[in-house]
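# Architecture at a glance
Residue-level listing of the chains:
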Amino acid sequence: MRGPDDLGRAAYRGRFAPSPTGPLHLGSLLAAVASYADARANRGIWLVRIEDIDRPREVPGAADLILRTLSAFGMHWDEGVVYQSRRTDAYRDALDTLKARGLTYPCGCSRAEVARAGRAGPEGPVYPGTCRSGLRLGRRARTERFRTPPGRLAFEDRIQGRQEQIVTDAVGDFVLRRADGLHAYQLAVVVDDAMQGITQVVRGADLLLSTPRQILLQHALGFGRPGYAHVPLVLDAHGRKLSKSLAAAPVDARDPLPALGAAWTLLGQTPPPADLQADAFWDWAIPMWRIACVPVQTSVACPTASSPRAPDPPGRTSTPE
Ligand code: GLU
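Residues numbered from 1 in each chain as written. Predicted model: local features only at pLDDT ≥ 70, side-chain atom pairs only at ≥ 80, totals over all residues. Heavy atoms only, no water.

## A closer look at the overall build of the chain
Filter applied, for reference: Only DSSP runs of H or I with at least four residues qualify as helices, and only runs of E with at least two residues qualify as strands; both kinds are numbered from the N terminus onward. Exposure classes here rest on a 1.4 Å probe applied to the protein chains alone. A residue is buried below 20% of its type maximum, exposed above 50%, and partly exposed in between. Every residue pair with non-hydrogen atoms within 4.5 Å of one another is taken to be in contact. With residues, only the protein chains shown are counted as cover, and all accessible areas are computed by Shrake-Rupley using a 1.4 Å probe.
Helix and strand counts for the chain come out as 9 helices and 14 strands. The proportion of buried residues among the 321 residues of the chain is 52%. Taking all contacts inside the chain whose residues are at least 6 apart in sequence as the whole, residues at least 24 apart take part in 79%. Surface summary for the chain: the accessible area is close to 14100 Å², and the carbon and sulfur share equals 53%.

Here it is in structure tokens:
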């Protein structure tokens, strides 16, 4: 029997891939709930991957806390948890493959130089290609960049609809290995989604603009392209993204139902009946899941958001390069 949002696929493999930068809050819960519900409604496998590649941003204990919260919320994963911090060899191999294909080059530019030389793009300064044809004399390599091919890239998002990006215009040649030696998120996520056989990526809309870069890398590495569905981000009362790293109220693992119900409703789904018990939530919810009802928006307002004290952190493009 097929699920309500039949993808016509024999094998659905989905995942939730949190970065352990803090406990789960309503915003990250939305991605977890949507990916879990979509996998289960399609009789699929659901996996968890801890994206602890960015050691400097990691909060000790957050990974275990996230896993315990998912379990307490009745979201159980089907295979061993993958930790990006243990996958460095796989990222190095992938980078070597790209290098061997002539698709990367070393770049000597600092972040400040790129900011000065690059025009503004949707995710920060667009790399102007300074080192594309070789490092200038006396410069040492800081990062390794992907040689972004020209052309418009399009994909169909299952929630947000058709998306298009000319990656050379929006981002330019992007970093695969950062100045601190760490592999970039864009590379790691593509290598891991392929290794885990992920067929459907359901995640937050903050990654909508990253998807074309990931598709380019999949293509360059000879990997298949999963389907994509980006759920709205949850904004606080000031219109800022709830962020794990910014003291957004953690969801209460001892009392799952209010948070599950809030996430479910923000996802545009039929609100759970008032007398539903927490341990019956998923039996009730999975047959009710309708991805077509998720708001076609990249953000929704949080009804009861505690407002973070600091401004929104810089985006992914401003991780160390
Ligand atoms: N680790 C990312 C985050 O926590 C999600 C990455 C993904 O789902 O591709 O925002």
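So that's the structure; there's more coming.
## What to know about helix 2 (residues 62-72)
Rules: The arc in question is formed by the directions pointing from the helix axis toward the C-beta atoms.
Taken together, the buried positions of helix 2 are occupied by Ala-62, Ala-63, Ile-66, Leu-67, Thr-69 and Leu-70. Projected down its long axis, helix 2 carries its buried residues within an arc of 160°, all on one side. The inward-facing, buried residues of helix 2 contact strand 1 (13-16), helix 1 (26-41), strand 2 (45-50) and strand 3 (82-83). Gly-74 sits one or two positions beyond helix 2 and adopts a positive phi of about 80°.

## Some thoughts on the pattern of salt bridges
Heads up, the rule is: Should a side-chain nitrogen of Lys or Arg be within 4 Å of a carboxyl oxygen of Asp or Glu, the pair is scored as a salt bridge.
Applying the stated rule across the entire model yields 20 salt bridges. With a closest N to O distance of 3.1 Å, Asp-89 and Arg-92 form a salt bridge. With Asp-89 and Arg-92 both in helix 3 (residues 88-100) and 3 residues apart, the pair spans about one turn of that helix. For Glu-164, the salt bridge is made with Arg-152, and the minimal N-O distance between the two is 3.2 Å. Taken together, the residues span a long stretch of sequence, with Glu-164 in strand 9 (residues 161-166) and Arg-152 in strand 8 (residues 152-157) at a distance of 12 residues.

## Considerations on the state of the cysteines
Our working definition: When two cysteine sulfur atoms lie within 2.5 Å, the pair is treated as a disulfide.
A full pass over the atoms with the stated rule returns 0 disulfides. In this structure Cys-131 is not part of a disulfide, and its nearest cysteine sulfur, from Cys-109, lies 3.7 Å away. Judged by relative accessible area, which is 3%, Cys-131 ranks as buried.

## Quick notes on the packing of helix 8 (residues 256-266) against helix 9 (residues 281-288)
We count it as follows: Angles run from 0 to 180 degrees between N-to-C directions of axes, and those axes are lines fitted to C-alpha atoms, restricted for helices to the stretch in contact. Angle categories are assigned with fixed cut-offs, so that under 35 degrees is roughly parallel, over 145 is roughly antiparallel, 65 to 115 is roughly perpendicular, and the rest are oblique. Each residue gets one of three labels, nonpolar for Ala, Val, Leu, Ile, Met, Phe, Trp, Tyr, Cys and Pro, charged for Asp, Glu, Lys and Arg, and polar for the others, Gly among them.
Between helix 8 and helix 9, whose axes approach to 12 Å, the crossing angle comes to 5°. With respect to helix 9, the element helix 8 is oriented roughly parallel. Contacts between helix 8 and helix 9 involve Leu-257, Leu-260 and Trp-264 from the former and Phe-281, Trp-282, Trp-284, Ala-285 and Met-288 from the latter. The residue inventory of the contact of helix 8 with helix 9, partitioned by class, reads 8 nonpolar, no polar and no charged.

## Quick look at empty space enclosed by the protein
Stated formally: Put plainly, a pocket is an open set of points on a 1 Å grid over the protein atoms alone with protein on both sides within 12 Å along at least five of seven lines, a cavity is a set where a 1.4 Å probe fits but cannot get out, and a lining residue has an atom within 4 Å of a point. Grid points are joined across faces, edges and corners, and a volume is the space filled by probe spheres set on the points.
Applying the stated criterion to the full structure yields 1 cavity of 30 Å³ or more. Around the largest cavity sit Ser-19, Pro-20, Thr-21, Glu-51, Asp-52, Asp-54, Arg-57 and Glu-58, which together line it. In the lining of the largest cavity, the residues fall into 1 nonpolar, 2 polar and 5 charged.

## Focus: the site of the ligand
Note the following rule: Proximity criterion: a residue is near a molecule or strand once any of its heavy atoms comes within 4 Å of it. A 3.5 Å cut-off defines polar contacts: any pair of N or O atoms within that distance qualifies, except that in protein one atom must be a possible hydrogen donor and the other a possible acceptor, and neighbouring residues in sequence count only when both atoms are side-chain atoms.
Around the ligand, a shell composed of 11 residues is seen, among which Arg-15, Ala-17, Ser-19, Glu-51 and Arg-203 lie nearest. Within the side chain of Ser-19, an N or O atom sits 2.8 Å from a nitrogen atom of the ligand. Within the side chain of Glu-51, one N or O atom sits 2.6 Å away from a nitrogen atom of the ligand. Contact with the protein chains removes 88% of the 290 Å² of surface that the ligand exposes when unbound. Along the lines of polarity and charge, the residues of the shell around the ligand split into 5 nonpolar, 1 polar and 5 charged.

## Some words on the environment of Leu-221
Its place among the elements puts Leu-221 in helix 7 (residues 211-221). Separated by 31 residues in the primary sequence, Leu-221 and Val-190 have C-alpha atoms spaced 9.1 Å apart. For Leu-221, the residues in contact, after removing those within four places along its chain, are Ala-94, Thr-97, Leu-98, Arg-101, Leu-187 and Val-190.

## So, the packing of aromatic side chains
Quick note on the threshold: By convention, a stacked pair of Phe, Tyr or Trp rings (six-membered ring in the case of Trp) has centres within 6.5 Å and planes under 30 degrees apart, an edge-to-face pair has planes over 60 apart, and any other such pair is tilted. We call a charge positioned over a ring when the NZ of a Lys or the CZ of an Arg lies within 6 Å of the ring centre and within 35 degrees of the ring normal.
Evaluated as defined, the whole model comprises 10 aromatic pairs. The interplanar angle of 50° and the centroid separation of 6.1 Å between the aromatic rings of Phe-281 and Trp-284 together place this pair among those described as tilted. One end of the pair is Phe-281 and the other is Trp-284, both in helix 9 and 3 residues apart, which spans about a single turn. According to the relative accessible area criterion, Phe-281 is buried, its value standing at 0%. Relative accessible area serves as the criterion here: at 18%, Trp-284 is assigned to the buried category. Lying over the aromatic face of Tyr-83, Arg-86 brings its terminal NZ or CZ to 4.3 Å of the ring centre. The ring centre of Tyr-127 lies 3.7 Å from the NZ or CZ of Arg-145, which sits over that ring.

## Points about the sheet that holds strand 4 (residues 104-107)
Spelled out, the test is: At least two bridges found by DSSP between two strands are what make those strands a pair.
The strand order 4-7-10 describes an open sheet built from 3 strands, whose pairing is antiparallel. At either end of the open sheet lies a strand with only one pairing partner, and these are strand 4 and strand 10 (175-177). Geometrically, the sheet is characterised by an average inter-axis angle of 45° between neighbouring strands, direction not taken into account. Pairing geometry for strand 4 and strand 7 (residues 143-146), over 4 bridges, is antiparallel.

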